Amino acid sequence: MAIDWDSLTFSFTATDIMYTATCNQGEEWQKGELVPYGNISISPAAGVLNYGQGLFEGMKAQRSVNGGIVLFRPERNGKRLTDGALRLGMPPVPLEMFLEAVEEVVAANARWVPPTGKGALYIRPVLWGSGPILGVAPAPEYTFMIYVCPVGPYFKGGMHPIALKVSDDHHRAAPGGSGAVKAIGNYAPGMMPSKNAKKEGFAEIIYLDSVEHKYIEEVGAANFFCVKDGVIYTPELTGTILPGITRASIIDLARHRGYEVIEERVDIDFVLESDECFCAGTAAVISPIGAICKGEICTTYCNNQVGPVTQELYDALTSIQTQTAADEFGWIRAVPIPNLPAK
Ligand SMILES: *Cc1c(COP(=O)(O)O)cnc(C)c1O
């Protein structure tokens with residue numbers, strides 16, 4: 001069946017093959033295997049279903065301009081999954097096993113990787129407590145799965161700035177909680193606020209810190225940046241913010257290009273006076289922010305156009321990701337594909 005690359009969006013498409021491995025509490029991970037993509041069967045008493053003992057990761061495989069299929073800093077995702085597993089009392093997936101599994105499942109679904117510029121193969125590793133457990137405690141068995149899904153470019157027809165609303169009623173994470181790991185339970189509480197903001201015409205919510213309700217934490221599920229007088233600011237990782245790999249890469253790239261990048265607490269009042277804002281994550285890479293509203297106060301940035309620093313960093317990062325530019329930082333990892341047809 002031919003795939004219509006131009007009609008790809010960011011919605012779910014089933015692919016051919018998924019990866020699955022299991023581990024009993026206190027034992028080693030068993031060797032994983034590739035199986036046909038499909039529904040799984042699970043105990044109604046599974047730890048993940050009852051107590052949210054689960055984590056996810058999000059990464060992309062892209063078709064490089066050289067014809068190969070490449071991953072972007074996948075070892076960082078593996079490391080973050082380990083950090084999350086320790087936080088949620090789950091057995092970490094060894095990094096080598098994680099990387100091998102990602103490569104195997106991408107290679108097995110190579111036909112689903114869109115041509116360069118038409119999107120990417122989104123990779124979704126999940127780790128959850130699959131064994132039955134009645135009392136609140138770590139599950140007796142864990143499952144690590146990876147499925148993949150082709151996605152179109154996040155912004156069809158080029159980047160366009162989004163409008164955001166600062167939430168005055170909700171917070172994403174509290175000190176000492178699970179905000180710094182990709183715990184599945186962190187996301188459902190954001191759905192209602194985000195849905196309400198969308199009803200009002202905003203693309204997403206901006207969350208402030210839960211203690212002083214003053215400092216920017218994140219934009220939905222993306223990290224935040226602003227630019228003032230040529231200096232780039234981003235919220236420091238205080239333990240309530242998810243350490244984005246896109247965020248870390250933008251900081252490195254910007255510094256390498258001569259920008260001063262300051263990681264500190266970023267006051268919403270400072271942001272409303274800044275020159276340019278954007279948010280960053282694997283899905284969109286970078287989204288320009290055209291407006292931010294806090295209550296009745298709204299600031300428009302760069303005349304609701306894509307700002308110059310935003311554009312520069314977006315171009316720099318995406319050209320490394322598709323290998324249009326040299327991989328100066330060693331961020332790209334090629335996926336070995338047996339018999340990959342030339343494009
Ligand atoms: C995944 C995620 C991000 C972005 O992380 P990347 O590694 O850049 O994709 C930011 N914030 C939250 C809450 C996330 O879940």
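Here the structure is a predicted model, which means the values were calculated and not measured.

**Considering the domain arrangement of the protein**
Then, number 1: Its domain assignment divides the protein into domain 1 (5-151) and domain 2 (162-305).
Then, number 2: Using only C-alpha atoms to locate each centre, domain 1 and domain 2 end up separated by 26 Å.
Then, number 3: Note on domain 1 versus domain 2: buried area summed over both sides is about 1500 Å², and carbon and sulfur give 66% of it.
Then, number 4: Broken down residue by residue, the surface that domain 1 buries against domain 2 is led by Phe56, Arg80 and Arg87, which jointly contribute 40%.
Then, number 5: Counting across the interface, domain 1 meets domain 2 through eight residue pairs in polar contact (both at pLDDT 80 or more).
Then, number 6: Counting residues per element, the ones that place at least two in the side of domain 1 that touches domain 2 are strand S3 (54-56), strand S4 (59-63) and helix H2 (74-87).
Then, number 7: Ranked by residue count, the leading element in the side of domain 1 that touches domain 2 is H2, at six residues.

**Quick notes on the site of the ligand**
Then, number 1: The environment of the ligand is made up of 14 residues, and the closest members are Lys182, Tyr187, Glu218, Thr246 and Thr282.
Then, number 2: Tyr187 places a side-chain nitrogen or oxygen 2.4 Å from an oxygen atom of the ligand.

**Some points on the packing of helix H5 (residues 245-256) against helix H7 (residues 308-321)**
Then, number 1: The contact between H5 and H7 brings their axes to 10 Å, and the two run at 110°. As judged from the angle between their axes, H5 and H7 are roughly perpendicular. Of the two possible hands of crossing, H5 and H7 adopt the one that is right-handed. Along its contact with H5, which presents Thr246, Ser249, Ile250, Leu253 and Ala254, the element H7 presents Leu313, Ala316, Leu317 and Ile320.
Then, number 2: A breakdown of the residues in the contact of H5 with H7 according to their chemical character gives seven nonpolar, two polar and no charged.

**Topic: the packing of H2 against helix H3 (residues 95-108)**
Then, number 1: H3 packs onto H2 with a crossing angle of 130° between their chain directions and a minimal axis gap of 9 Å. As judged from the angle between their axes, H2 and H3 are oblique. Here H2 and H3 pass one another in a crossing that is right-handed. Contacts between H2 and H3 involve Pro74, Glu75, Asn77, Gly78, Lys79 and Leu81 from the former and Leu95, Phe98 and Leu99 from the latter.
Then, number 2: The class makeup of the residues in the contact of H2 with H3 is five nonpolar, two polar and two charged.

Parameters and conventions
- Going along each chain's sequence as written, the residues are numbered from 1 onward.
- pLDDT decides what is reported in this predicted model: residues at 70 or higher carry local features, side-chain atom pairs at 80 or more are listed and counted, and totals for whole chains, interfaces and linings draw on all residues regardless.
- Water and hydrogen atoms play no part in the side-chain values, which are based on all heavy atoms of the structure.
- Residue ranges assigned to the domains are those given by an automatic or database domain assignment.
- Note on terms: buried area is the combined drop in 1.4 Å-probe accessible area of two parts once they are placed together, counting the loss on both.
- We define a polar contact as two N or O atoms separated by no more than 3.5 Å, with the added condition that, inside protein, one atom must be a possible hydrogen donor and the other a possible acceptor, whereas residues neighbouring each other in sequence contribute only through side-chain atom pairs.
- The helix and strand labels rest on DSSP assignments: H or I over at least four residues marks a helix, E over at least two residues marks a strand, and numbering proceeds from the N terminus.
- The criterion for a residue being near a molecule or strand is simple. One of its heavy atoms has to lie within 4 Å of it.
- Each axis is a line fitted through C-alpha atoms, and for a helix only the stretch in contact is used; angles between axes span 0 to 180 degrees, taken between their N-to-C directions.
- To sort the angles, those under 35 degrees are grouped as roughly parallel, those over 145 as roughly antiparallel, those from 65 to 115 as roughly perpendicular, and the leftovers as oblique.
- When the near helix sits turned anticlockwise from the far one by under a right angle, the crossing is termed left-handed; a clockwise turn instead gives a right-handed crossing.
- The contact criterion used throughout is that any non-hydrogen atoms of two residues lie within 4.5 Å.
- Polarity classes work like this: nonpolar for Ala, Val, Leu, Ile, Met, Phe, Trp, Tyr, Cys and Pro, charged for Asp, Glu, Lys and Arg, and polar for all others, with Gly in that last group.

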